[in-house]
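Now for the letters of each chain:
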Amino acid sequence: MLVGRVVGNVWATQKDPTLEGLRMLLVQPLALGERASDEIIVAADPIGAGPGETVLVAFGRAARTVLGTQDAGWQVAVVAIVDDISVDEGVTIAGRESEP
Amino acid sequence: MLVGRVVGNVWATQKDPTLEGLRMLLVQPLALGERASDEIIVAADPIGAGPGETVLVAFGRAARTVLGTQDAGWQVAVVAIVDDISVDEGVTIAGRESEP
Amino acid sequence: MLVGRVVGNVWATQKDPTLEGLRMLLVQPLALGERASDEIIVAADPIGAGPGETVLVAFGRAARTVLGTQDAGWQVAVVAIVDDISVDEGVTIAGRESEP
Amino acid sequence: MLVGRVVGNVWATQKDPTLEGLRMLLVQPLALGERASDEIIVAADPIGAGPGETVLVAFGRAARTVLGTQDAGWQVAVVAIVDDISVDEGVTIAGRESEP
Amino acid sequence: MLVGRVVGNVWATQKDPTLEGLRMLLVQPLALGERASDEIIVAADPIGAGPGETVLVAFGRAARTVLGTQDAGWQVAVVAIVDDISVDEGVTIAGRESEP
């Protein structure tokens with residue numbers, strides 16, 4: 001599982017039929033320290049996350065379980081929208097302001 | 001899932017019989033920020049992506065579902081050709097010009 | 001499997017029903033050498049690890065076995081709380097004081 | 001799937017019985033740009049690749065399919081010997097001379 | 001599969017019952033070039049590797065096959081103790097003296 005921020009969307013017309021009707025989000029994994037991740041994950045979103053929201057992303061069988069079928073050309077999905085993250089003292093997440 | 005750019009092709013004569021007839025593309029994952037990824041993914045392409053096109057790539061069972069069999073020596077496949085990517089304000093994808 | 005330190009928690013209200021009731025921890029993988037990892041893993045915790053504790057984390061089928069079902073939107077779980085780590089002479093783990 | 005170069009061999013006497021008789025190659029993944037990868041993959045080779053050859057490597061179920069059984073202590077295998085790689089203009093693979 | 005060096009041990013009392021009786025090793029993956037990897041893998045060891053030994057490590061179904069059950073909270077295992085590694089001319093493995 002990873003926790004990341006929704007940073008964009010992808011649109012595709014030519015695609016495997018099992019992708020029909022899925023919202024496809026670009027997600028940037030959160031990182032510890034000062035430097036944000038430069039990785040981009042693409043996740044199907046059955047939950048309805050909006051731009052800038054923080055989400056939990058699952059992979060493989062877990063992702064397909066949430067999407068409702070094991071027989072699809074997908075293996076990554078948003079499984080939750082994160083309300084809050086708390087980190088222990090001395091831990092920083094890149095790009096997030098520390099709370100007072 | 002990852003989103004990447006088609007940067008080349010691979011040809012092989014000596015191969016497992018289950019690879020017969022598959023187009024094999026080199027795909028460079030898109031990255032956030034200024035620096036393009038130096039990773040190369042090899043993906044079977046049942047959809048027909050051309051050089052320079054942006055594609056969605058799936059792994060494992062998802063890839064084999066799109067290729068039509070779970071009993072093959074492949075676990076990566078192009079599942080869609082991307083028409084458009086939109087990113088939120090302040091987000092940059094390496095090597096792509098930002099839109100005006 | 002990886003070994004990591006519990007650095008925080010995640011809360012989510014809008015989520016796949018199969019996530020209901022799971023504790024979700026942020027885990028930072030331990031790294032060799034001087035520099036701590038900047039990666040964040042999210043793991044379901046059926047065991048009860050507290051802040052700052054060192055834990056073993058499993059992925060995929062192994063994680064779901066520990067959580068009691070293969071049909072859930074999760075693929076990462078805490079499978080043990082680590083009592084002690086011993087490293088061979090000359091090996092350092094980032095952020096841990098070497099023992100006298 | 002990844003594409004890599006055969007850089008060595010591994011020998012082991014004490015091993016799980018399911019590894020008996022397998023050739024085990026060290027493979028360095030190809031990388032884009034100027035800097036070669038420092039990663040080493042170990043792959044079982046049922047095809048017969050020689051030193052310095054470029055190979056396609058598959059993981060997980062795909063690798064075991066090529067090796068002929070799902071009940072073995074292996075999850076990486078050479079599935080093809082690469083004859084030729086072509087890359088689009090402006091793309092460089094580390095350590096390979098560009099063609100004239 | 002990866003090849004790595006045993007650099008330590010992990011002990012845990014509070015753990016999933018399926019981990020009972022397993023030796024748990026810390027393994028540092030071998031890397032090409034001058035710089036050793038800072039990654040730590042935790043692997044169950046049914047074979048009996050000692051400190052400093054070089055081992056092959058398998059993941060997922062392959063690891064559980066070697067451990068004798070698919071229904072356990074583990075997905076990484078030592079599958080062989082390496083007797084010898086040979087690398088092609090011009091290839092260096094970090095931290096290993098080149099042979100004369």
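Everything below is about the structure shown above.
All of these numbers come straight from a predicted model, not from anything done at the bench. (Residues numbered from 1 in each chain as written. Chains lettered and ligands numbered in written order. Predicted model: local features only at pLDDT ≥ 70, side-chain atom pairs only at ≥ 80, totals over all residues. Heavy atoms only, no water.)

Lay out the relation of the copies chain B and chain A with the relevant residues and their values.
In the superposition of chain B on chain A (RMSD 0.0 Å, axial shift 0.0 Å), the rotation amounts to 72°. Taken together, the rotation and translation relating the two chain copies correspond to the operation of a five-fold axis. Measuring from the rotation axis to each C-alpha of chain B, the shortest distance belongs to Gly60(B), at 6.6 Å. (Least-squares fit on C-alpha atoms with pLDDT ≥ 70 in both.)

Which residues make up the side chain of Gln70(C), and what values go with them?
Note on placement: Gln70(C) falls in the loop between helix H1 (61-67) and strand S5 (76-87). Polar side-chain contacts of Gln70(C) include one of 3.4 Å to the backbone oxygen of Arg61(C). The residues contacting Gln70(C), other than those within four sequence positions of it, are Arg61(A), Thr65(A), Arg61(C), Arg64(C) and Thr65(C). (Helix = DSSP H or I, 4+ residues; strand = E, 2+ residues; numbered from the N terminus. Polar contact = N/O pair within 3.5 Å; in protein donor to acceptor, adjacent residues only side chain to side chain. Contact = heavy atoms within 4.5 Å.)

Report on the interface of chain B and chain A, specifying residues and quantitative values.
Between chain B and chain A, the residue contacts involve 26 residues of the former and 32 residues of the latter. Area buried by chain B at its contact with chain A is led by Met1(B), Leu32(B) and Arg61(B), which between them contribute 28% of it. Here chain B is connected to chain A by 1 salt bridge. Two residues, Arg61(B) and Asp71(A), come together in a salt bridge whose shortest N-O distance is 2.9 Å. Inspection of the chain B/chain A interface yields 12 residue pairs in polar contact (both at pLDDT 80 or more). Of all the secondary-structure elements, those providing two or more residues to the side of chain B that touches chain A are strand S1 (2-15), strand S4 (54-59), helix H1 (61-67) and strand S5 (76-87) of chain B. When residues in the side of chain B that touches chain A are grouped by element, the largest group, 9 residues, is from S5(B). Where strand S1 (residues 2-15) of chain A and S5(B) come together, 7 bridges link them in antiparallel fashion. (Buried area = accessible area lost by both parts, 1.4 Å probe. Salt bridge = Lys/Arg side-chain N within 4 Å of Asp/Glu carboxyl O. Pairing = 2+ DSSP bridges.)

I'd love a proper account of the interface of chain C and chain A, names of residues and values included.
Contacts between the two partners involve 32 residues from chain C and, on the opposite side, 26 residues from chain A. Buried area between chain C and chain A, both sides added, is near 2300 Å², and the carbon and sulfur share of it is 57%. It is Trp11(C), Gln14(C) and Ile40(C) in chain C that bury the most area against chain A; as a group they hold 24% of the surface buried on that side. On inspection of chain C and its partner chain A, the count reaches 12 residue pairs in polar contact (both at pLDDT 80 or more). Taken together, the elements giving at least two residues each to the side of chain C that touches chain A come down to strand S1 (2-15), strand S2 (24-29) and strand S3 (41-44) of chain C. The biggest single contributor to the side of chain C that touches chain A is S1(C), with 11 residues. Tallied by class, residues from the side of chain C that touches chain A come to 15 nonpolar, 10 polar and 7 charged. (Nonpolar A, V, L, I, M, F, W, Y, C, P; charged D, E, K, R; others polar.)

So what about the arrangement of the chains? Which residues, and what values?
Without any contact between them, chain B and chain C keep their closest C-alpha atoms 12 Å apart. Nothing in chain B touches chain E; the tightest C-alpha to C-alpha distance between them is still 13 Å.

So what about the pairing of strand S3 (residues 41-44) of chain D? Which residues, and what values?
Residue and element names in this part refer to chain D. Across the two faces of S3 the burial is the same, with Ile41 and Ala43 and Val42 and Ala44 all buried. In terms of strand pairing, strand S2 (residues 24-29) meets S3 through 4 bridges, oriented antiparallel. Each bridged residue has a counterpart across the sheet, and for Leu25 the counterpart in S3 is Ala43. (Buried < 20%, exposed > 50% of the residue type's maximum accessible area, 1.4 Å probe, protein only.)

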